[in-house]
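Descriptive analysis of the structure
Listed below are the residues making up each chain.
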Amino acid sequence: MKESFRSSRDVIIQTNDFAKAVQFYETALGLTVTHRSPSLVGLETGAFCLYVESGSLPGPIFDFLVPDLEAAKSRLLAAGCTVVEENPSVPRCYIRDPYGLVFNIEDKRN
């Protein structure tokens, strides 16, 4: 049986101008902060939670929950995806699909 991918409500953007981006989403859009750490801020939009993260990946990063992170990663690599960034302590894995979309896969058990 194939792994079942299910989107979460999380969308992540990375920026090298972290403080200014957070200030923009808090003040210009008036979004409410739901999480704050030195390199990651979560903001509630109503339909999804926007996470602003310090980093340099372009474009939005959609989040998918999987029942087995390692099995899902192996399946995606076999299908032509590449690992962009991985952090086992979270655990998470940013993947670029063969068409350029970057998304995160994370274990839904966490």
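This write-up is about the structure you can find in this document. All residue numbers refer to positions counted from 1 along the written sequence of the respective chain. For a predicted model such as this one, the threshold for reporting local features is a pLDDT of at least 70, and the threshold for listing and counting side-chain atom pairs is 80 or more; totals across whole chains, interfaces and linings nevertheless cover every residue. With hydrogens and water set aside, each side-chain value is computed from the structure's full complement of heavy atoms.

1. Describing the pairing of strand β8 (residues 102-107)
Each residue is assigned to one of three classes by its accessible area relative to the maximum for its type, calculated with a 1.4 Å probe on protein chains only: buried under 20%, partly exposed between the two thresholds, exposed over 50%. For helices the rule is a DSSP run of H or I covering at least 4 residues; for strands it is a run of E covering at least 2, with both sets numbered from the N terminus onward. Burial of β8 is extensive: five of the six residues sit out of reach of the surface. The rule for pairing is simple: two strands pair if DSSP sees at least two bridges between them. Pairing of strand β5 (residues 61-66) with β8, which is carried by five bridges, proceeds in the parallel orientation. Bridge pairing in β8 links F64 to I105. Pairing of strand β7 (residues 92-96) with β8 involves four bridges; the strand directions are antiparallel. Residue pairing across strands places I95 opposite F103, the latter belonging to β8. Taken together, β7 and the strand that follows it, β8, pair antiparallel across an intervening segment of five residues, in which G100 is found at a positive phi of about 100°.

2. Some thoughts on the side chain of D97
Among the structural elements, D97 can be located in the loop between β7 and β8. The convention is simple: Lys and Arg are positive, Asp and Glu are negative, and His and the chain ends are not counted. The salt bridge definition used is simple: a Lys or Arg side-chain nitrogen within 4 Å of an Asp or Glu carboxyl oxygen. Of the side chains with opposite charge, R96 lies nearest to the buried D97, which makes no salt bridge, at 7.2 Å. N or O atoms closer than or at 3.5 Å make up a polar contact, with two conditions inside protein: a donor-capable atom paired with an acceptor-capable one, and, for residues adjacent in sequence, both atoms drawn from side chains. For D97, the side chain forms a polar contact with the main-chain nitrogen of Y99, separated by 2.7 Å.

3. With respect to the sheet that holds strand β2 (residues 32-37)
Here we have eight strands laid out as an open sheet, ordered β2-β3-β4-β1-β5-β8-β7-β6, and mixed in their pairing. What marks the edges here is a single partner per strand, and that holds for β2 and β6 (82-87). Neighbour-to-neighbour, the strand axes of the sheet open up by a mean angle of 25°, direction not taken into account. Bridge analysis of strand β3 (residues 40-44) against strand β4 (residues 49-54) gives five bridges, and the strand direction is antiparallel. Following the sheet pairing, L43 is matched in β4 by L50. Relative to the sheet, helix α1 (residues 18-28) contacts β1 (6-15), β2, β3 and β4, its axis offset from that of β4 by approximately 160°. Think of each axis as a best-fit line through the C-alpha atoms, taken over the contacting stretch in the case of a helix, with angles from 0 to 180 degrees between the N-to-C directions. In this description, contact between two residues means that some pair of their heavy atoms is separated by no more than 4.5 Å.

4. What about the side chain of Q14?
Among the secondary structure elements, Q14 is positioned in strand β1. By relative accessible area, Q14 is classed as buried at 10%. For Q14, the side chain forms a polar contact with the side chain of E53, separated by 2.9 Å. Within polar-contact distance, the side chain of Q14 engages the backbone nitrogen of L57 at 3.0 Å. Ignoring any residue separated from it by four or fewer positions in sequence, one finds Q14 in contact with E53, S54, G55, S56, L57, I61, E85 and Y94.

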